[in-house]
Amino acid sequence: MTMNSNKIDYAEITISAVSPTQYPEDGLPEIVLAGRSNVGKSSFINTMVNRKKLARTSGKPGKTRTLNFFNIENELFFVDVPGYGYAKASNAEQEKWGRMMEDYFSTREELVLGILLVDFRHEPSEHDVLMYDFYKHYDVPVFVVATKSDKIKKSKYNKHESLIRKTLKISSEDQFFTFSSFTREGRQEVWDAILAYISKDEKA
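Only a predicted model underlies this, so the values are computations on that prediction, with no experimental measurement involved.

Chemist: Explain the pattern of salt bridges here, please?
Modeler: Should the charged atoms of two oppositely charged side chains come close, the side chains can pair. One pass over the structure, following the stated rule, counts 10 salt bridges. The salt bridge partner of Asp80 is Lys41, with a shortest N-O separation of 2.6 Å. With Asp80 in strand β4 (residues 76–80) and Lys41 in helix α1 (residues 41–48), the pair connects residues that are 39 residues apart, well separated along the chain. For Lys41, a relative accessible area of 8% translates into the label buried.

Take a look at the structure:
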């Protein structure tokens, strides 16, 4: 893994897939990103790759309806999955997304790591807990990234982290990060952890 996370020259969306036949065939490691609709996934992606508009941010949650594969430096993929907890999505739509996710998680050998984005300001929702359990069900290692940390006083960090850890029942092997797309807090720490994990996985 030769990537320099401070200088990312190439970051493009490769495909928006709805079935396994559309998944990329590059064989690169894939990091899947999940979180509820308004948690700031698009802002997280844009901050991580130093772009303003690679992933589209929207005032309307629930925009992602596909598995979006973002090629980063031809070294790895970020895979953005549909945000959950979007009230206006019909049950049929939500079931379709669920099947799409299960197809991906149960068959994709390139999937090496999951990132669960939660809002640092609030106790994780029931959907957040289910998503964390979904990762664990498929034996996917998880990084929990608490977004919007700039909205919380530093003196309250421990309290909020403790609540998130307790609610999700975060395993001791899973890492926790605070993150802000506004101040860029956590960006380097998350990148360092991702690259270290992938390098370790490649040697295993």
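Chemist: Just to check I follow, could you spell out the confidence of the model for the chain for this structure?
Modeler: Residues shown with low pLDDT carry predicted positions that ought not to be read at fine detail. Mean pLDDT over the chain: 89, with 91% of residues reaching 70 or higher. pLDDT under 50 marks residues 58–63. Its contacts with residues more than four places away, or in other chains, come to 5 contacts.

Chemist: Help me out: how do you make sense of the side chain of Glu185 in this one?
Modeler: Inspection of the secondary structure assignment puts Glu185 in the loop between β7 (175–178) and α5 (187–203). In this structure the side chain of Glu185 is engaged in a polar contact, spanning 2.7 Å, whose partner is the side chain of Thr178. Excluding anything up to four places from it in sequence, Glu185 contacts Ser149, Lys154, Tyr157, Thr178, Phe179 and Ser180.

Chemist: I tried to follow the nonpolar core on my own but got confused; where do I start?
Modeler: Side chains that are nonpolar tend, in soluble globular proteins, to be buried together. Ranked by internal contacts, the top residues of the largest apolar core, which has 34 residues, are Tyr104, Phe105, Leu116, Met131, Tyr135, Val144 and Ile164. Breaking this core down by element, the ones donating at least two residues are β2 (30–35), β3 (67–72), β4, α2 (91–107), β5 (111–119), α3 (126–137), β6 (142–147) and α4 (157–168). Per-element tally for this core: the top contributor is α2, with 5 residues. Excluding its chain neighbours within four sequence positions, the residues that come into contact with Ile164 are Val118, Asp119, Phe120, His122, Pro124, Val144, Ala146, Ile170 and Phe176. With 31 residues, the next largest nonpolar core counts Val39, Leu117, Phe177 and Val190 among its residues.

Chemist: Help me understand the environment of Glu25, please; the structure alone is not making it clear to me.
Modeler: Within the fold, Glu25 resides in the loop between β1 (11–17) and β2. You can call Glu25 exposed: its relative accessible area is 76%. Residues Glu25 and Lys151, spaced 126 residues apart in sequence, show a C-alpha to C-alpha distance of 40 Å.

Chemist: I'm lost on the side chain of Arg187 in this one. Help?
Modeler: Here Arg187 is to be found in helix α5. No salt bridge is formed by the buried Arg187; the nearest opposite charge belongs to Asp192, separated by 7.9 Å. Each residue touching Arg187, except ones within four places of it in the same chain, is listed here: Ser5, Asn6, Ile8, Thr47, Met48, Asn50 and Phe179.

Calculation notes
- Residues numbered from 1 in each chain as written.
- Predicted model: local features only at pLDDT ≥ 70, side-chain atom pairs only at ≥ 80, totals over all residues.
- Heavy atoms only, no water.
- Salt bridge = Lys/Arg side-chain N within 4 Å of Asp/Glu carboxyl O.
- Helix = DSSP H or I, 4+ residues; strand = E, 2+ residues; numbered from the N terminus.
- Buried < 20%, exposed > 50% of the residue type's maximum accessible area, 1.4 Å probe, protein only.
- pLDDT = per-residue confidence, 0-100.
- Contact = heavy atoms within 4.5 Å.
- Polar contact = N/O pair within 3.5 Å; in protein donor to acceptor, adjacent residues only side chain to side chain.
- Core = buried A, V, L, I, M, F, W, Y, C linked by side-chain atoms within 4.5 Å.
- Lys, Arg positive; Asp, Glu negative; His and termini not counted.

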